[in-house]
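Chain and residue survey
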Amino acid sequence: MDIGLQTFTIRKLLRTPHSIDRTFAVLSDIGLRSIELAVDYLGFPFTTQTALMIAESAKRHSLRVISCQIKYATSSADIPATAEFMQTLGAGILTNSVIDLKLLNKGEDGLGRYCDMLAELRAKLKPSGISLAHHNHHYEFLRVGGQNVLSFMAANSDVDFVLDTYWCQRGGGNVIALLHELRGRVPLMHLRDFTVTKMGLITGGADCEIGRGNIPFGAVLRAADATEVGYGMIEQKTKTPLESVKLSFDKGASLLCQI
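Residues numbered from 1 in each chain as written. Predicted model: local features only at pLDDT ≥ 70, side-chain atom pairs only at ≥ 80, totals over all residues. Heavy atoms only, no water.

This part takes up the overall build of the chain. Counting its regular elements, the chain contains 11 helices and 12 strands. For a compact globule of 259 residues, the expected C-alpha radius of gyration is about 18 Å, and the chain comes in at 18 Å, within 12% of that figure. By principal-axis analysis of the C-alpha atoms, the chain measures approximately 50 × 45 × 40 Å. The burial tally for the chain puts 52% of its 259 residues in the buried class. Just so you have it, the chain exposes about 11,700 Å², and 51% of that area is on carbon and sulfur atoms. Both charge centroids of the chain, one from 27 positive and one from 26 negative side chains, sit 5 Å from each other. (Helix = DSSP H or I, 4+ residues; strand = E, 2+ residues; numbered from the N terminus. Rg over C-alpha atoms; globule rule 2.2 N^0.38 Å. Buried < 20%, exposed > 50% of the residue type's maximum accessible area, 1.4 Å probe, protein only. Areas by Shrake-Rupley, 256 points an atom, 1.4 Å probe, with all protein chains shown as cover. Lys, Arg positive; Asp, Glu negative; His and termini not counted. Charge placed at Lys NZ, Arg CZ, Asp CG, Glu CD.)

Right under this line is the structure:
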């Protein structure tokens, strides 16, 4: 598995063409070679010109855009434009950002409709050589019709999945078991650790650098390797993005070397 970066982590550093180029140079120096572009957080229009600018900067710094994370409403509004955007970047995977909560609230019927929507989008993207994968949050571990949402989606759609280690942990899922259950349907993962936080009497959780939380990343990466996951994209909400990226990349690379 290649360890890359989900650009949500560095979203505040991607405000101008110059800052994108400068930040990509730092990523390359850290040792990263692949990225997933968080399109929803770009401060640029969703156009081919934007894709070309990012693609040229990535190429200058030996980075490959493997995938794009995009909300369903954006990606489905104009399929040819979405396909052109991704093809300009050289990205072959479209990661659907988040489940439709309005449909989820309608139970099995709504979730079934959502699966149909993803199937339709997948079919429309396929002729352009683009695959579709759904990114989970903790919502996917709610119960619907006697099973959790993720299991329902796996059984009732043919889309792939982007397993997010932090959201799996927060939702009560077992990412190692899921990797084996979804073998062949997880082209990439989001890698971020989970740490317990306290505010007075309230206990919650936050994401943190790989190796600084409670997720057994050595076992997770072994399972990812065994199930042939292609990419693990570092992702974190952090006030020190480049420092956090380096810490996670170094730890992840070290763990991979032990496999």
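Moving on from the model shown.
The tally for this structure, following the rule as stated, stands at four aromatic pairs. Relative to F85, the ring of F46 lies with its centre 4.5 Å away and its plane at 40°, an arrangement referred to as tilted. Highlighted residues: F46 in the loop between β2 (34-38) and α2 (48-60) and F85 in helix α4 (residues 79-89), separated in sequence by 39 residues. Taken together, the ring pairs connect Y166, W167 and F194 into an aromatic cluster. Against the face of F8 rests R11, its NZ or CZ located 3.9 Å from the ring centre. (Phe/Tyr/Trp six-rings, centres within 6.5 Å; stacked < 30°, edge-to-face > 60°. Lys NZ or Arg CZ within 6 Å of the ring centre and 35° of its normal.)

Turning our attention to the pattern of salt bridges. Per the stated rule, a full pass over the model turns up seven salt bridges. The salt bridge involving R60 is made with D21; its shortest N-O contact spans 2.9 Å. Of the two residues, R60 sits in helix α2 while D21 sits in helix α1 (residues 17-30), which places them 39 residues apart along the sequence. Its salt-bridge partner being E120, residue R113 comes within 3.5 Å of it at the nearest N-O pair. On the accessibility criterion, R113 (38% relative accessible area) is partly exposed. Judged by relative accessible area, which is 40%, E120 ranks as partly exposed. A cluster of three or more residues bridged by salt bridges with shared partners is formed by D164, R192, D207 and E235. (Salt bridge = Lys/Arg side-chain N within 4 Å of Asp/Glu carboxyl O.)

Take a positive patch on the surface next. A contiguous patch of positive charge on the surface is contributed by K12, R15, K237 and K239. Among the secondary structure elements, R15 is positioned in the loop between β1 (2-6) and α1. (Patch = residues over 30% accessible without salt bridge, like charges linked within 9 Å, V, L, I, M, F, W, Y side chains within 5 Å.)

Of the two faces of strand β4 (residues 93-96), the one holding I93 and T95 and the one holding L94 and N96 are both buried throughout. Taken together, the four bridges between strand β3 (residues 64-70) and β4 define a ladder with parallel strand orientation. Paired with Q69 across the bridge in β4 is T95. Two strands pair when backbone bridges link them, and β4 and strand β5 (residues 131-135) are joined in this way by four bridges, in the parallel orientation. Considered in β5, the bridge of T95 is made with A133. (Pairing = 2+ DSSP bridges.)

Our next topic: the state of the cysteines. If you walk through the whole model with that rule in mind, you get zero disulfides. Not part of a disulfide, C115 finds its nearest cysteine sulfur in C168, a span of 17 Å. You can see C208 has no disulfide; the closest cysteine sulfur is in C168, sitting 15 Å from it. (Disulfide = S-S within 2.5 Å.)

Formed by 75 residues in total, the largest nonpolar core has its most connected members in C68 and L89. By residue number, the principal contributor to this core is helix α6 (residues 107-125), which donates seven residues. Among the nonpolar cores identified, the runner-up in size contains seven residues, and A133, V162, L188 and Y231 belong to it. (Core = buried A, V, L, I, M, F, W, Y, C linked by side-chain atoms within 4.5 Å.)

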